[in-house]
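Descriptive structure summary
Spelled out from the first residue to the last, the chains are:
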Amino acid sequence: MARVSVSQMLNALVDLGRQYLDRPAPGRDMDALVARCRELVSAHGEASGTALASGIVNDYAALGDDERIEVLRRLDRAFGPDRKAIAAAAAAFTAAPEDDAAYVKLASAIEAPRQELFRRLNMAPGGTAEIVKMREFLLSRLKDNPELRGFERDLRHLLASWFNRGFLQFERIDWRTPAVVLEKLIEYEAVHEIRGWDDLRRRLAEDRRCFAFFHPALPDEPLIFVEVALTNGLAGQVQKLLEADPDPAAGRKPDTAIFYSISNCQEGLAGISFGNFLIKQVADAVQTELPHIKRFATLSPIPGFRRWLDESLVSDTPAFLSEGDIDLLNRSDWRNNDIARQQLRQVLLRLCAHYLVNVKQRGRPVDPVARFHLGNGASVERVNWAADLSRKGIEQSAAMMVNYLYDSEQIVSNHEAFVRDGEIVASQAVVRLAAGRD
């Protein structure tokens with residue numbers, strides 16, 4: 001029997017349910033759109049409810065940005081939490097905490113009606129994708145509309161449940177993957193730009209691997225993907241890694257898998273973590289396929305280093321810098337001049353190691369990439385000089401990159417030490433650099 005997709009079933013329900021709706025879709029009338037949302041959360045049959053949700057989703061998608069933010073404000077007012085009901089339910093539960101009925105009433109009161117609205121909108125064909133876009137749009141406007149933070153939190157809460165790891169599909173991406181997905185890799189690559197189809201073909205060659213998470217509701221949309229290079233030893237220069245052709249005569253089997261790019265694809269899912277699961281699953285998949293791969297590491301950017309360095313030269317200069325070092329660093333030409341930067345090589349390596357190991361905020365590294373990998377149980381293995389000579393690499397980190405090592409025997413203890421005590425595990429070479437010693 002031919003497989004029927006969920007999308008086909010929903011579209012059939014929409015067609016069937018339209019005959020049960022009392023009126024045609026009213027288009028861009030915002031008052032009518034909110035009224036239809038009220039109608040949606042009231043009692044409705046499955047077919048008519050799906051048809052109504054589909055009309056609302058389509059009409060919302062057709063709105064301009066200013067109209068969308070106004071609709072979200074109105075929905076926030078119409079479907080926000082009933083604070084009086086919450087207070088009354090909380091008082092009843094406090095008075096009788098052993099009463100299951102009081103607990104159920106409190107739990108029901110705490111959940112804002114908008115969560116049920118989101119769940120019902122999710123019944124529409126393309127509803128999940130539109131709700132993800134709704135949150136992406138809302139995040140972009142939240143600074144100017146802080147009153148919608150509760151609305152955004154409820155969206156995030158539901159999306160975290162809908163995109164739970166148990167629902168995700170893990171897939172290897174290769175040259176036989178449908179073109180619609182391959183195009184998305186080019187579009188979404190966030191670390192090292194993919195410069196067209198030839199570049200993509202190189203990244204999917206035999207000495208490379210690419211893996212992604214998908215969700216059944218977004219079948220052609222990767223949520224996150226990781227690119228892996230199979231090498232001998234640690235890679236320390238990303239341009240060589242990206243541009244080098246495979247060497248069929250090399251003869252040696254690679255012993256290291258280098259995670260050189262991890263890209264989150266859906267801005268509407270920001271803050272919902274997939275990367276830690278993906279790295280662990282990729283390591284398992286690579287080692288199952290290629291048991292001679294013994295080491296797993298990254299070649300990672302250091303996006304906050306240059307900004308921290310410029311600020312620290314003004315306010316909090318590390319003690320191991322000499323007056324001569326400071327004079328050189330205060331020259332304006334070193335940042336974009338290879339020769340001037342070379343004069344500062346050892347100083348910048350020390351500063352970069354210090355930034356990764358010692359510079360913290362609220363007990364955690366200030367660098368976001370460091371927080372991610374160290375939180376997953378990696379250690380700081382090596383700081384690499386002249387590792388990313390792209391304009392972005394020079395502007396972010398004075399062209400330096402770092403290898404984070406994922407040692408299967410140490411991941412759990414590293415993670416526990418980091419989470420419990422904020423301890424950053426690093427190799428002896430990096431520790432010496434961070435202390436200002438060669």
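Residues numbered from 1 in each chain as written. Predicted model: local features only at pLDDT ≥ 70, side-chain atom pairs only at ≥ 80, totals over all residues. Heavy atoms only, no water.

**Examining the layout of surface pockets**
What the largest pocket holds in volume is close to 650 Å³. In this structure, the largest pocket is lined by 31 residues; those nearest its centre are Val191, Ile262, Asn264, Val369 and Phe372. Contributions of two or more residues to the lining of the largest pocket are made by β4 (256-264), α18 (368-375) and α19 (391-397). Taken together, the residues of the lining of the largest pocket sort by class into 17 nonpolar, twelve polar and two charged. (1 Å grid on protein atoms, 1.4 Å probe; cavity = no way out; pocket = protein on both sides within 12 Å on 5 of 7 lines; lining within 4 Å. Points joined across faces, edges and corners; volume = space filled by probe spheres on them. Helix = DSSP H or I, 4+ residues; strand = E, 2+ residues; numbered from the N terminus. Nonpolar A, V, L, I, M, F, W, Y, C, P; charged D, E, K, R; others polar.)

**Some words on helix α8 (residues 127-141)**
Spanning 15 residues, α8 covers 21 Å between terminal C-alpha atoms, matching the ideal 21 Å at 1.5 Å per step. Taken as a whole, α8 has its buried residues at Gly127, Thr128, Glu130, Ile131, Val132, Met134, Arg135, Phe137 and Leu138. The secondary structure elements touched by the buried residues of α8 are α3 (46-61), α4 (65-79), α7 (113-121) and α9 (149-162). (Expected span 1.5 Å × (residues − 1). Buried < 20%, exposed > 50% of the residue type's maximum accessible area, 1.4 Å probe, protein only. Contact = heavy atoms within 4.5 Å.)

**Considerations on the packing of α4 against α8**
One can describe the packing of α4 onto α8 by two numbers: an axis separation of 11 Å at closest approach and a directional angle of 95°. The orientation of α4 relative to α8 falls into the category roughly perpendicular. Seen from α4, the contacting residues are Asp65, Asp66, Arg68, Ile69 and Leu72; seen from α8, they are Met134, Phe137, Leu138 and Arg141. A per-class count over the contact of α4 with α8 returns five nonpolar, no polar and four charged. (Axes fitted to C-alpha atoms, helices over the stretch in contact; angles between N-to-C directions. Parallel < 35°, antiparallel > 145°, perpendicular 65-115°, else oblique.)

**Notes on the pattern of salt bridges**
Evaluation of the coordinates by the stated rule reveals 26 salt bridges. The salt bridge partner of Arg36 is Asp59, with a shortest N-O separation of 2.9 Å. Pair noted here: Arg36 is in helix α2 (residues 30-41) and Asp59 is in helix α3, with a separation of 23 residues, a long-range link. Looking at Arg36, the relative accessible area reads 4%, which means it is buried. On the basis of relative accessibility, which here comes to 13%, the residue Asp59 falls in the buried class. Among the ionic pairs, Arg114 bridges to Asp154, the shortest N-O distance being 2.6 Å. Placement of Arg114 in helix α7 and of Asp154 in helix α9 is noted, with a sequence separation of 40 residues between them. The buried category is assigned to Asp154, whose relative accessible area is 13%. Here the salt bridges do not stand alone but share partners, grouping Asp31, Glu70, Arg73, Arg74, Arg77 and Glu147 into one network. (Salt bridge = Lys/Arg side-chain N within 4 Å of Asp/Glu carboxyl O.)

**Regarding the confidence of the model for the chain**
Averaged over every residue, the pLDDT of the chain is 88; the share at 70 or more is 91%. Ignoring residues within four places in sequence, the model shows residues 1-21, a span with pLDDT below 50, making 24 contacts including any to other chains. (pLDDT = per-residue confidence, 0-100.)

**Remarks on the nonpolar core**
Ranked by internal contacts, the top residues of the largest apolar core, which has 94 residues, are Phe163, Phe305, Leu356 and Met400. Looking at which element gives the most residues to this core, the answer is helix α17 (residues 345-357), with nine residues. Setting aside its immediate chain neighbours within four residues, Phe305 contacts Leu348, Leu351, Cys352, Tyr355, Asp367, Gln396, Ser397, Ala398 and Met400. (Core = buried A, V, L, I, M, F, W, Y, C linked by side-chain atoms within 4.5 Å.)

**Remarks on the side chain of Gln266**
Mapped onto the elements of the fold, Gln266 is located in the loop between β4 and α13 (275-289). In this structure the side chain of Gln266 is engaged in a polar contact, spanning 2.9 Å, whose partner is the side chain of Glu221. Ignoring anything within four residues of it in the chain, the contact list for Gln266 reads Val132, Tyr188, Glu221, Pro222 and Leu223. (Polar contact = N/O pair within 3.5 Å; in protein donor to acceptor, adjacent residues only side chain to side chain.)

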